[in-house]
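Chain by chain, the residues run as shown.
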Amino acid sequence: MIEVKNITKSFDGRTVLHDVSATFETGKTNLIIGQSGSGKTVLMKSLVGLLTPDSGSILFDGRDMVTMNNSERKELRQEIGMLFQGSALFDSETVLGNVMFPLIMFTKQSQPEMRDRAMFCLERVNLKGAENKYPSEISGGMQKRVAIARAIALNPKYLFCDEPNSGLDPRTSILIDELLSDITHEYKMTTVINTHDMNSVLGIGENIIFINKGCREWVGNKDQIFATTNEALNDFVFATDLFQEVKEYVLKNGRSEHPGAARREFKK
Amino acid sequence: MILTNSLATFGRYCMFMGRVFSAPDKWKVFGRRTINEISALGIGSIPLVLVISIFIGAVITIQMQLNVTSPLIPAYSVGLATRDIVLLEFSNSILCLILAGKVGSNIASEIGTMRVTEQIDALEIMGVNSANYLVLPKIVGFVLFMPVLVILCIGVAMVGGYLVAMFTDLISVSRYEYGLQAMFQEWYVWYGLIKSLVFGFIIASVASFYGYYVKGGALEVGKASTNGVVASSILILLFDVILTKLLLQ
């Protein structure tokens, strides 16, 4: 579990995060949502240690990332996997090389053992057969899956995903969402996803944190979001006519009655 | 303002070097990466060094012969002057200015692209010291290979002059050969090698610094690459003066 307590962050006198507190639960997909410029990327970067908050604490199962020393932070970082918006795969390495990278740097496993683990991770994200290709030779969706395989190679306790669906078609986005959700439940990870994608919010949002103008305005899940009275959240999530219609339908008939729910059950 | 900015940049460069020169996380990985960098930056520069050296060696010989026309100056001085120009300046300072363009822009754009595509952030989040992992092999690999490039440059430039003597009637081969060997000072070779090590360090470290701190996108990567080349060229010229004063006086 990750607990964020009263963190504040300013840049050049402009406060981007105001006293934000939140809890990201273990074994759940935790979503951070909010408009562009709301501060969610700063929150995500603070969580992974790329930015240091001006005040407050970030507790990873009780260990405060803000106050820990460099060696403790280095140890903690080996428990963290991250999926970047642009995948951030190493261009000079093959798919297999990318997935093996954390194993090479942080384990004392033999070459065959590392290869086996990397192949297992690639199989887990349905990418068996692509191991000898370079990132430039595969599609955006495949790159995202390689990045997921690399992120889970060290069997992390915490998985962070920065806009995992950005630049992907709707079908591939759903596949990535399902993969992240499955991996989270399978490995009991604390997964934090920063997203703009409303399909993700309504599909895999088990714990949703809404950030507006640098403040945490709402916390709930994908079912509770339909009944929200928060105007900013309502405007953000149900901004299109289609989503507004979905909301009205769900509020009237219940979520399980919606045709989308039937389709999801059928797919399962 | 300019002084303050320069001092701030120098301070950041020193802190960056502090991160670069720390013990690698894995020596085996460091060794493998250093060999890769020797191949990419050092061996990859050999064709350019060969082409430039042979032509400049030939041009220096022709220029010397055409401009040194006094009957008081012995004919072998063409070979002697060609050798000393190559040993003292061309094989190290001029060569490094040229390499600052090729190797410096290569390093700055490679690291800059890694920065804007979040590859450096990915390394940091994994717990890897990205400055050390990416930059130290480049500096060590390039500095280690610099003497090879310098010696190659010296040899090939003299061959360039030799070809002029052989295929033109400007100077005889025997006089050119005699000039190459006349009044030879071994220290000039060491002087050139010492300078090249310093310049190699400047090229690799300054270009890495500019690439590492890129913010923005493709346009900024291009700017960082240009800034890296300009800054390392100026530093090479500055240290050329300092080292010449220290080593030759």
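Residues numbered from 1 in each chain as written. Chains lettered and ligands numbered in written order. Predicted model: local features only at pLDDT ≥ 70, side-chain atom pairs only at ≥ 80, totals over all residues.

Side note on the domain arrangement of chain A
All names here are of chain A. Along its sequence, chain A is organised into domain 1 (1-79 + 156-221) and domain 2 (92-155). Each of domain 1 and domain 2 has a C-alpha centre, and the two are 24 Å apart. By residue number, the principal contributor to the side of domain 1 that touches domain 2 is helix 6 (residues 170-187), which donates five residues. Residue classes in the side of domain 1 that touches domain 2 are distributed as eight nonpolar, three polar and no charged. (Domains from an automatic or database assignment. Helix = DSSP H or I, 4+ residues; strand = E, 2+ residues; numbered from the N terminus. Nonpolar A, V, L, I, M, F, W, Y, C, P; charged D, E, K, R; others polar.)

What about the pairing of strand 7 (residues 158-162) of chain A?
Residues and elements named next belong to chain A. In terms of residue burial, strand 7 counts as a mostly covered element, since five of its five residues are buried. Because side chains alternate across strand 7, one face comprises the buried residues Y158, F160 and D162, and the other comprises L159 and C161, equally buried. Two strands pair when backbone bridges link them, and strand 7 and strand 8 (residues 190-195) are joined in this way by five bridges, in the parallel orientation. Paired with C161 across the strands is I193, a residue of strand 8. (Buried ≥ 20, exposed ≤ 12 C-beta atoms within 10 Å, placed from the backbone. Pairing = 2+ DSSP bridges.)

Here we look at the interface of chain B and chain A
Across the boundary between the two partners, chain B contributes 13 residues, which contact 14 residues of chain A. With six residues, helix 5 (residues 119-126) of chain B is the single largest residue contributor to the side of chain B that touches chain A. Taken together, the residues of the side of chain B that touches chain A break down into five nonpolar, three polar and five charged. (Contact = placed C-beta atoms within 7 Å.)

Points about the sheet that holds strand 5 (residues 63-64) of chain A
Residue and element names in this part refer to chain A. One open sheet holds the four strands; their spatial order is 2-1-4-5, and the pairing between them is antiparallel. At either margin of the open sheet sits one strand with a lone partner, and together these are strand 2 (14-24) and strand 5. In this sheet, strand 2 lies alongside strand 1 (residues 2-11) in antiparallel orientation, the contact comprising seven bridges. Bridge pairing in strand 2 links V4 to A22.

A short note on the sheet that holds strand 8 of chain A
Residue and element names in this part refer to chain A. Read from one edge of the open sheet, six strands run 6-7-8-3-9-10, paired in mixed fashion. Of all strands in the sheet, those with a lone pairing partner are strand 6 (80-83) and strand 10 (215-220), marking the two edges. Each neighbouring strand pair of the sheet contributes to a mean axis angle of 20°, computed without reference to strand direction. (Axes fitted to C-alpha atoms, helices over the stretch in contact; angles between N-to-C directions.)

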